[in-house]
Amino acid sequence: RGLADRSLLLLASRPGQSEPRLNAAFGEAELHGHARRIKLAPLSAADARELLGSDVDPALAETLYRESGGIPLYLEQLAVAARRGTTMPVEKPALLEPWLPEAVSAAITSELDGLSPSARTLLQAAAVLGDPFEPDFAAEMTETAEQDELSDLDELLERDLIRVTDSPRRFRFRHPIVRRAGDEAAGAGWRLQSHERAAAILEMRGAPAMACAPHIERSARVGDAAAAAVLVEAGQALASRAPASAAHWFEAALRVTSEREENLELRLGVMVQRAVVLVFAGRLEQSREELRQVLKLAPPEPS
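Residues numbered from 1 in each chain as written. Predicted model: local features only at pLDDT ≥ 70, side-chain atom pairs only at ≥ 80, totals over all residues. Heavy atoms only, no water.

Undergrad: Just checking my understanding: could you explain the overall build of the protein chain for this structure?
TA: A tally of helices and strands in the protein chain yields 15 helices and 2 strands. For a compact globule of 303 residues, the expected C-alpha radius of gyration is about 19 Å, and the protein chain comes in at 24 Å, more than 25% above that figure. Across its three principal axes, the protein chain shows a C-alpha extent of roughly 95 × 55 × 30 Å. Per-residue burial for the protein chain yields a buried fraction of 36% across its 303 residues. (Helix = DSSP H or I, 4+ residues; strand = E, 2+ residues; numbered from the N terminus. Rg over C-alpha atoms; globule rule 2.2 N^0.38 Å. Buried < 20%, exposed > 50% of the residue type's maximum accessible area, 1.4 Å probe, protein only.)

Shown next as structure tokens:
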């Protein structure tokens with residue numbers, strides 16, 4: 001039986017992941033004035049606050065909104081995870097946080113499952129690189145031929161997992177959470193090797209320490225003096241304008257630097273630099289504790 005007179009059919013879909021016949025039917029209906037397409041925008045901060053309810057702490061609500069990007073499903077699931085006591089990243093991390101609500105992860109994983117193996121690999125490499133990313137860089141990491149790279153790129157665009165930017169050679173993920181899911185889809189060993197490869201490529205390109213540091217932090221071995229030097233350089237570059245970030249890179253350098261006796265002077269120097277930037281970051285007690293450790297480790301003679 002057909003629809004009764006004056007019936008209204010509402011259909012929600014993501015065009016990039018819909019059947020071509022369905023998209024064609026929409027277009028035909030619009031052409032003859034029988035349909036109207038409404039493109040949904042993300043929630044505003046005020047709408048998100050209303051959805052979360054007044055019982056959510058304002059600071060947490062702001063973090064939830066930022067992490068969700070205003071997508072209702074993500075916002076609700078992030079809120080559920082927060083209520084269960086899951087740790088929320090309260091600052092934008094230098095690298096991906098290994099944290100994604102199970103329901104959100106499952107929803108995006110179902111999208112990734114339909115990808116060809118090569119397109120999925122390109123997405124995972126892009127997730128390692130950041131957002132936005134250069135597909136040529138991701139292809140170089142995975143040693144993918146240019147023609148295959150372009151085919152994989154088209155597939156990711158068609159699935160609406162990535163989107164174009166104003167730059168013709170740079171693309172972005174549909175949502176930061178899609179990037180996280182892409183990162184989680186790869187194994188720990190694959191990510192380790194990819195970060196190592198990315199750091200090596202950036203070094204060959206003569207990239208600044210700040211560009212190399214995130215990948216080095218994820219892949220360097222303890223005792224790698226060259227890696228530690230890059231992390232220290234990144235900290236020094238940020239010391240005056242972003243002291244909290246500088247403290248992070250100095251700490252990363254200390255983790256990479258071996259605690260052997262011959263490295264004591266080097267470690268003390270990095271610890272002092274970290275203590276200084278912690279002061280400027282307003283973290284006075286942490287700075288004091290760092291200096292206490294310096295005094296404890298320092299040789300007894302004046303220097």
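Don't stop here, the text continues.
Undergrad: In this structure, what is going on with unusual backbone geometry? I would like to understand it.
TA: Trans is the common state for peptide bonds, and a negative phi is the common state for residues other than glycine. The omega torsion across Asp-131 and Pro-132 is 0°, close enough to zero to call that bond cis. Following the sequence through the fold, Pro-132 ends up in the loop between helix H6 (117-129) and helix H7 (135-142). Positive phi, normally seen in glycine, also occurs at Glu-143, with a value near 55°. In this fold, Glu-143 is placed in the loop between H7 and helix H8 (146-158). Residue class for Glu-143 comes out exposed when judged on its relative accessible area of 67%. The phi dihedral of Asp-160 falls on the positive side, at around 60°, and the residue is not glycine.

Undergrad: Even after reading the chapter, I still don't get the pattern of salt bridges, so can you show me in this structure?
TA: Between side chains of opposite charge, pairing is possible as soon as their charged atoms come close. Using the criterion set out here, one finds 18 salt bridges in the structure. We note a salt bridge from Arg-180 to Glu-67, for which the minimum N-O separation is 2.6 Å. Pair noted here: Arg-180 is in helix H9 (residues 176-185) and Glu-67 is in helix H3 (residues 58-68), with a separation of 113 residues, a long-range link. Classification of Glu-67 as buried rests on a relative accessible area of 8%. The partner of Glu-134 in a salt bridge is Arg-170, and the shortest N-O contact between them spans 3.5 Å. Of this pair, Glu-134 sits in the loop between H6 and H7 while Arg-170 sits in the loop between strand E1 (162-164) and strand E2 (171-173), and the two are 36 residues apart along the sequence. Shared partners join several salt bridges into a network, and the residues in it are Glu-134, Glu-140, Arg-170 and Arg-205. (Salt bridge = Lys/Arg side-chain N within 4 Å of Asp/Glu carboxyl O.)

Undergrad: How should I be thinking about the packing of H7 against helix H10 (residues 188-204) in this particular structure?
TA: With their axes 9 Å apart at the nearest point, H7 and H10 run at an angle of 115° to one another. Between H7 and H10 lies a crossing whose hand is right-handed. Together, Phe-137, Glu-140, Met-141 and Thr-142 of H7 and Trp-190, Ser-194, Arg-197, Ala-198, Ile-201 and Leu-202 of H10 make up the contact between the two elements. Of the residues contributing to the contact of H7 with H10, the split by class is 6 nonpolar, 2 polar and 2 charged. (Axes fitted to C-alpha atoms, helices over the stretch in contact; angles between N-to-C directions. Left-handed = near helix turned anticlockwise from the far one by under 90°. Contact = heavy atoms within 4.5 Å. Nonpolar A, V, L, I, M, F, W, Y, C, P; charged D, E, K, R; others polar.)

Undergrad: Would you explain H10 in this entry?
TA: Residue pairs three or four apart in sequence face the same way in an α-helix, which turns once every 3.6 residues. Between its terminal C-alpha atoms H10 stretches 25 Å, which fits the 24 Å expected from 17 residues at 1.5 Å a residue. Residues of H10 that are buried: Ser-194, His-195, Ala-198, Ala-199, Ile-201 and Leu-202. Angularly, the buried residues of H10 cover 165° about the axis, an arc narrow enough to put them on a single face. In H10, the exposed residues that point more than 90 degrees away from the buried face are Gln-193, Glu-203 and Met-204. Check the buried side of H10 and you find it contacts H6, H7 and helix H11 (209-219). Remark: Gly-206 follows H10 within two positions and exhibits a positive phi of approximately 75°. (Expected span 1.5 Å × (residues − 1). Arc of directions from axis to C-beta.)

As far as function goes, none of this settles anything; it's purely spatial.
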